Amino acid sequence: MSEQVTHGKRRFDARWVSTGARILIGTVFAFSGFTKVVDIDGTIRAVRAYQLLPEAIIPTIGAGLPVLELALAVLLLTGLLTRVAAIITVPLCAAFFYGVASAWARGLSIECGCFGNGGLTANPIPGYVRELVLNAVLIIAAGWLIRRPISRWSLDTALGLSVALHHDGDTDDSDDDDDDDEPDDDSDDTDDDTEYNHDDEHDDDVDDPTSRSIGVQT
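Criteria and cut-off values
Residues numbered from 1 in each chain as written. Predicted model: local features only at pLDDT ≥ 70, side-chain atom pairs only at ≥ 80, totals over all residues. Heavy atoms only, no water. Phe/Tyr/Trp six-rings, centres within 6.5 Å; stacked < 30°, edge-to-face > 60°. Helix = DSSP H or I, 4+ residues; strand = E, 2+ residues; numbered from the N terminus. Buried < 20%, exposed > 50% of the residue type's maximum accessible area, 1.4 Å probe, protein only. pLDDT = per-residue confidence, 0-100. Contact = heavy atoms within 4.5 Å. Axes fitted to C-alpha atoms, helices over the stretch in contact; angles between N-to-C directions. Parallel < 35°, antiparallel > 145°, perpendicular 65-115°, else oblique. Left-handed = near helix turned anticlockwise from the far one by under 90°. Nonpolar A, V, L, I, M, F, W, Y, C, P; charged D, E, K, R; others polar. Salt bridge = Lys/Arg side-chain N within 4 Å of Asp/Glu carboxyl O.

Observations concerning the packing of aromatic side chains
The tally for this structure, following the rule as stated, stands at 3 aromatic pairs. Relative to W153, the ring of W16 has its centre 5.2 Å away and its plane inclined at 75°; by these criteria the two rings are edge-to-face. Of this pair, W16 sits in helix α2 (residues 14-37) while W153 sits in the loop between α6 (125-147) and α7 (155-158); the two residues are 137 residues apart in sequence, bridging distant segments of the chain. Using a relative accessible area of 45% as the deciding quantity, one classes W16 as partly exposed. On the basis of relative accessible area, W153 is assigned to the exposed category, the value being 66%. Ring centres of F31 and F115 lie 5.4 Å apart, and the angle between their planes is 35°; on these two criteria the pair is classed as tilted. Residue F31 is found in helix α2, and its partner F115 is found in the loop between β1 (110-112) and β2 (118-120); the two are separated by 84 residues along the sequence.

Pasting the structure below:
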């Protein structure tokens, strides 16, 4: 007999989805951060091409961005501080999304520079669409990890940090466990019916005239 038939239902293991989500985000950040860090000057030019930030902070942003991406990649690929990394990922990818959408709306013909390929281009639309879709997917994946940070093959689990994460965020699992521990309502109803029938029989015995003792007439 199969396990599904024996246990009635097979529980969905969300940890596999969380594992895939953090590996996806970590891989993208690792590649993106590496291509930026090997060409800091190109990254600074790509940031400047968006025409969104003051010139005074553009070099700092261009130099710090790949470091941040590589740090997030390390945390996510190793599964360490997964929820913290996911929380940082959401506004970061939202900023990327806004930057690309803004460049498209303003009619700029630039490469997004997300993977070290900044500069002007004659046909920017395919790159804009690709980066908008990618960042939207990353935001969704990061949102999942904020809700369910526990995953397979993670340092959070190896170091015991998943216990704290479980108490903080995985309330649905605990609710399911509570539902499994609840007694069967049908058994309670059966006990109530048995007690009710017993009381009825006792009342019938008291009211039945034949059950009363009859005195002997003299």
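Focus: the confidence of the model for the protein
Where the model shows low pLDDT, its predicted coordinates should not be examined in detail. Averaged over the protein, the pLDDT score is 79; the fraction of residues at 70 or greater is 70%. Of all helices and strands in the protein, the one with the weakest mean pLDDT is helix α1 (residues 3-7) (39), whereas helix α4 (residues 58-78) scores best (97). Predicted confidence is poor over residues 170-188, with pLDDT under 50, and the contacts of this stretch with residues over four places away or in other chains come to 14 contacts.

Points about unusual backbone geometry
Of note in this structure, Q51 is not a glycine but carries a positive phi near 55°. Here Q51 is to be found in the loop between α3 (40-49) and α4. Judged by its relative accessible area of 56%, Q51 falls in the exposed class. Unlike most non-glycine residues, L81 shows phi in positive territory, near 55°. Residue position: L81 is located in the loop between α4 and α5 (82-105).

As for the packing of α3 against α4
At a minimum axis distance of 8 Å, the contact between α3 and α4 shows a crossing angle of 120°. Here α4 runs oblique to α3, going by the angle between their axes. As for the relative orientation of α3 and α4, their crossing is right-handed in sense. Each of I40, T43, I44, V47 and R48 in α3 lies in contact with α4, whose residues at this interface are I58, P59, I61, G62, A63 and P66. Of the residues assigned to the contact of α3 with α4, the class counts are 8 nonpolar, 2 polar and 1 charged.

A few points about the pattern of salt bridges
Pairs can form between side chains of opposite charge whenever their charged atoms are close. The final tally for this structure, using the stated rule, is 5 salt bridges. A salt bridge links D13 to R15, with the nearest nitrogen and oxygen atoms 3.0 Å apart. One salt bridge in this structure joins K36 and E69, with 3.3 Å as the shortest N-O distance. Placement of the pair is K36 in helix α2 and E69 in helix α4, with a sequence separation of 33 residues.

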